[in-house]
Amino acid sequence: MHSNTPNFIIVGVMKGGTTAAAFNLNKHPLIFCLTQYWKDRVLSNEEYNYAVQTGSWGGCMKNKGNKEMDFFNRDENYALGLDVYKTFFPQNKVAIGESSPNYFGLNEISNGGASSRIASDLPEAKVIILLRDPISRSYSHFNHIQEKNPTWGSYAYGKSFDTVVNNYSASNIFQRSLYNENLTTWLTDIGSDKIYVALQESIAADSIGEYNKICTFLGVEHFKMDQRFDKVFTGTYDGEIEQSTINTLKPRFAADVTAIKDLYPHLDYSLWHDYS
């Protein structure tokens, strides 16, 4: 296999449509975005012999079951060096990239400074950030825990969403829905001209229009208007969020949403809750 240098990265947010974006952008003939399929192929390639090395790797990088690399945010992975990282990009296209939502949370203790590392090591790379209504994102995060029962989410597993809202307000379920602090740092480290922000709801409502805006940002021709896109990991939840719970959460996110709207007033927030 060949190795190539990525020139774009989707850095978040978790439950913001990053997997769908990676999968659907990969349909473009001039775009290679690392998917689970290609990651599995690299990890299994005998030329690299990664199977006997991954014991020291952290986060998602060693896992065949997902697309994420967790290279720039995890110290143990970053220590492997860029040459190892580049082997996960075997196709030489105009736009070459990956999608790792754990990069976005720069204020998390496990994040070793993804934005500054990307700025240093991939100075020409463009960054895509997909945001989602904070309450909807939190609820999707909560339901991911109920479905998968990951060790990192054991505090919330088997509980009601209302219970988690009232007893675990400092957890990542809610902290990862506060975007402004992290987004501001990304803008500072990468530069606003190399960052593209879109809303998950807008992509779901007008996939061809929104993906073509990303194509423009990446410097490739648009998808043909008859291109079909797939819904990936679209969750079906038992029940809906209680209105009382929504009312509890709105004030927690209101100031952050206002700050995001001030940064990106042109985005269509009509499918978000009203935080005013």
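Right above here is the structure, for reference.
Residues numbered from 1 in each chain as written. Predicted model: local features only at pLDDT ≥ 70, side-chain atom pairs only at ≥ 80, totals over all residues. Heavy atoms only, no water.

1. Examining the sheet that holds strand 1 (residues 8–12)
Spelled out, the test is: Any two strands between which DSSP finds at least two bridges are classified as paired. Working definition: helices are DSSP H or I runs of at least four residues, strands are E runs of at least two. Numbering for both runs from the N terminus. What counts as an axis is a line fitted to C-alpha atoms, over the stretch in contact for a helix, and the angles between N-to-C directions run from 0 to 180 degrees.
Read across the open sheet, the 5 strands follow the order 2-3-1-4-5; overall the sheet is parallel. Of all the strands in the sheet, just strand 2 (31–33) and strand 5 (195–199) have a single pairing partner and so form its edges. In this sheet, adjacent strand axes meet at a mean angle of 20° when their direction is disregarded. Sheet topology note: the strand 4 (residues 126–131)/strand 5 ladder contains 5 bridges and is parallel. Paired with I128 across the bridge in strand 5 is Y196.

2. Looking at unusual backbone geometry
Leaving glycine out, the prevailing phi sign among residues is negative, and the prevailing peptide bond configuration is trans. Omega for the bond connecting G12 with V13 falls within 30 degrees of zero, at 5°, which places this linkage in the cis form. With respect to the helices, strands and loops of the structure, V13 is situated in the loop between strand 1 and helix 1 (18–25). The backbone of D70 sits at a positive phi, close to 50°, despite the residue not being glycine. Within the element layout of this structure, D70 appears in the loop between helix 2 (36–44) and helix 3 (75–78).

3. A look at the pattern of salt bridges
We apply this condition: A carboxyl oxygen of Asp or Glu within 4 Å of a side-chain nitrogen of Lys or Arg is what we treat as a salt bridge. Three exposure classes are used, based on accessible area relative to the maximum for each residue type with a 1.4 Å probe and protein chains only: buried under 20%, partly exposed in between, and exposed over 50%.
Taken as a whole and assessed by the stated rule, the structure comprises 7 salt bridges. Residue R117 pairs with D75 through a salt bridge whose shortest N-O separation is 2.7 Å. Highlighted residues: R117 in helix 5 (residues 114–121) and D75 in helix 3, separated in sequence by 42 residues. When its relative accessible area of 14% is taken as the criterion, R117 is described as buried. With a relative accessible area of 47%, D75 lands in the partly exposed category. One salt bridge in this structure joins E108 and R176, with 2.7 Å as the shortest N-O distance. Here R176 lies in the loop between helix 8 (172–175) and helix 9 (180–190) and E108 lies in the loop between strand 3 (95–99) and helix 5, a separation of 68 residues in the sequence. For E108, a relative accessible area of 15% translates into the label buried. Take R176: its relative accessible area is 15%, and that puts it in the buried class.

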